[in-house]
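Analysis of the macromolecular model
Each chain is listed here by its residues.
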Amino acid sequence: DVKVTQSSRYLVKRTGEKVFLECVQDMDHENMFWYRQDPGLGLRLIYFSYDVKMKEKGDIPEGYSVSREKKERFSLILESASTNQTSMYLCASSLGGARGNEQFFGPGTRLTVL
Amino acid sequence: AQKVTQAQTEISVVEKEDVTLDCVYETRDTTYYLFWYKQPPSGELVFLIRRNSFDEQNEISGRYSWNFQKSTSSFNFTITASQVVDSAVYFCALSEKGTGANNLFFGTGTRLTVIP
């Protein structure tokens, strides 16, 4: 079974803090993704990575950065957290290569920025 | 333009009723993939099904069935004899050939509540 784990289920931070959200997958997947989920907006892609050290912007990358130093780990970084970044953050992974591979999701991190 | 539209924000049904969740998509690609995911109260999205654009056969899996119609750009999901455990948010998603890394475009989700 594919397992995607995220470092925290709940996180509370203060405005201006640097925040790291970690994601690890154990199935040797090439692709990894970070989404945020907000009521009424569904899931929106922040960043994705299709290989180690490679990253691509998604639909809403502003205020975020990512790091992928190892294939199994994909980190989302909020350089200076703001209240509008309060959200549920979901990490996912998928096989590379052929199109249409399903993504497997972690349990999510609910981040509150005060 | 939104690529995936789930017009039903919330649906409530009584247990054992059938319920259909609608999904309408928009794409210019001839090769694409459609997905349904379930998000129970625990929060983790669970993959339910994937269809590619060349396969319009309907699919049935237990109480779940999916109706894919290219003519109306729809990929609807029906739960037969609903149960309380079906209560969740359901997301429809689209992956287009031209997007990198199998990116998914998600609809805004439909919250299904099954009342005992």
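These figures come from a predicted structure and were not determined experimentally.

Let's talk about the overall build of chain A
- A tally of regular secondary structure across chain A gives zero helices and eleven strands.
- Helices and strands appear in chain A in the N-to-C order β-β-β-β-β-β-β-β-β-β-β.
- The C-alpha extent of chain A, read off along each of the three principal axes, is 40 × 30 × 25 Å.
- Every one of the 114 residues in chain A was classed for burial, and the buried ones make up 50%.
- For chain A, long-range pairs separated by at least 24 residues make up 56% of all intrachain contacts whose partners lie at least 6 apart in sequence.

Considering the interface of chain A and chain B
- Across the boundary between the two partners, chain A contributes 24 residues, which contact 21 residues of chain B.
- The tally of links from chain A across to chain B stands at one salt bridge.
- The partner of arginine 50 of chain B in a salt bridge is glutamate 102 of chain A, and the shortest N-O contact between them spans 2.5 Å.
- Elements with a minimum of two residues in the side of chain A that touches chain B: strand E4 (31–38), strand E5 (42–49) and strand E9 (87–94) of chain A.
- Looking at the side of chain A that touches chain B, its residues break down into twelve nonpolar, nine polar and three charged.

Some remarks on the sheet that holds strand E3 (residues 19–25) of chain A
Residues and elements named next belong to chain A.
- Taken in spatial order, the four strands line up as E1-E3-E8-E7 in an open sheet, and their pairing is antiparallel. Each edge of the open sheet is held by one strand with a lone partner, namely strand E1 (4–6) and strand E7 (65–70). Going from strand to strand, the sheet's axes swing by 20° on average, the running direction of each strand aside.

Some remarks on unusual backbone geometry
- For lysine 53 of chain A, which is not glycine, the phi torsion reads 65° and is therefore positive.
- By secondary structure assignment, the location of lysine 53 of chain A is in the loop between E5 and strand E6 (56–57).
- Overall, the relative accessible area of 56% leaves lysine 53 of chain A in the exposed class.
- With a phi close to 50°, serine 73 of chain B is a non-glycine residue in the positive phi region.
- Relative to the assigned elements, serine 73 of chain B resides in the loop between strand E8 (64–69) and strand E9 (74–79).

Digging into the environment of valine 66 of chain A
Residue and element names in this part refer to chain A.
- Topologically, valine 66 is positioned in strand E7.
- Spatially, the C-alpha atoms of valine 66 and proline 107 are 19 Å apart, while their sequence positions differ by 41 residues.
- Once residues lying within four places of it in the same chain are set aside, the contact partners of valine 66 are Trp34, Tyr47, Lys55, Phe74, Ser75, Leu76 and Ile77.

Considerations on the nonpolar core
All names here are of chain B.
- In this structure, Trp36, Phe77, Tyr90 and Leu112 are the most contacted members of the largest nonpolar core, which totals 23 residues.
- For this core, the secondary structure elements donating two or more residues are strand E2 (10–14), strand E3 (19–21), strand E5 (32–39), E8, E9, strand E10 (88–96) and strand E12 (110–115).
- Aside from chain neighbours lying at most four places away, what touches phenylalanine 77 is Val19, Thr20, Leu21, Trp36, Leu48, Tyr64, Ser65, Trp66 and Tyr90.

Definitions and limits used
Residues numbered from 1 in each chain as written. Chains lettered and ligands numbered in written order. Predicted model: local features only at pLDDT ≥ 70, side-chain atom pairs only at ≥ 80, totals over all residues. Heavy atoms only, no water. Helix = DSSP H or I, 4+ residues; strand = E, 2+ residues; numbered from the N terminus. Buried < 20%, exposed > 50% of the residue type's maximum accessible area, 1.4 Å probe, protein only. Contact = heavy atoms within 4.5 Å. Salt bridge = Lys/Arg side-chain N within 4 Å of Asp/Glu carboxyl O. Nonpolar A, V, L, I, M, F, W, Y, C, P; charged D, E, K, R; others polar. Pairing = 2+ DSSP bridges. Axes fitted to C-alpha atoms, helices over the stretch in contact; angles between N-to-C directions. Core = buried A, V, L, I, M, F, W, Y, C linked by side-chain atoms within 4.5 Å.

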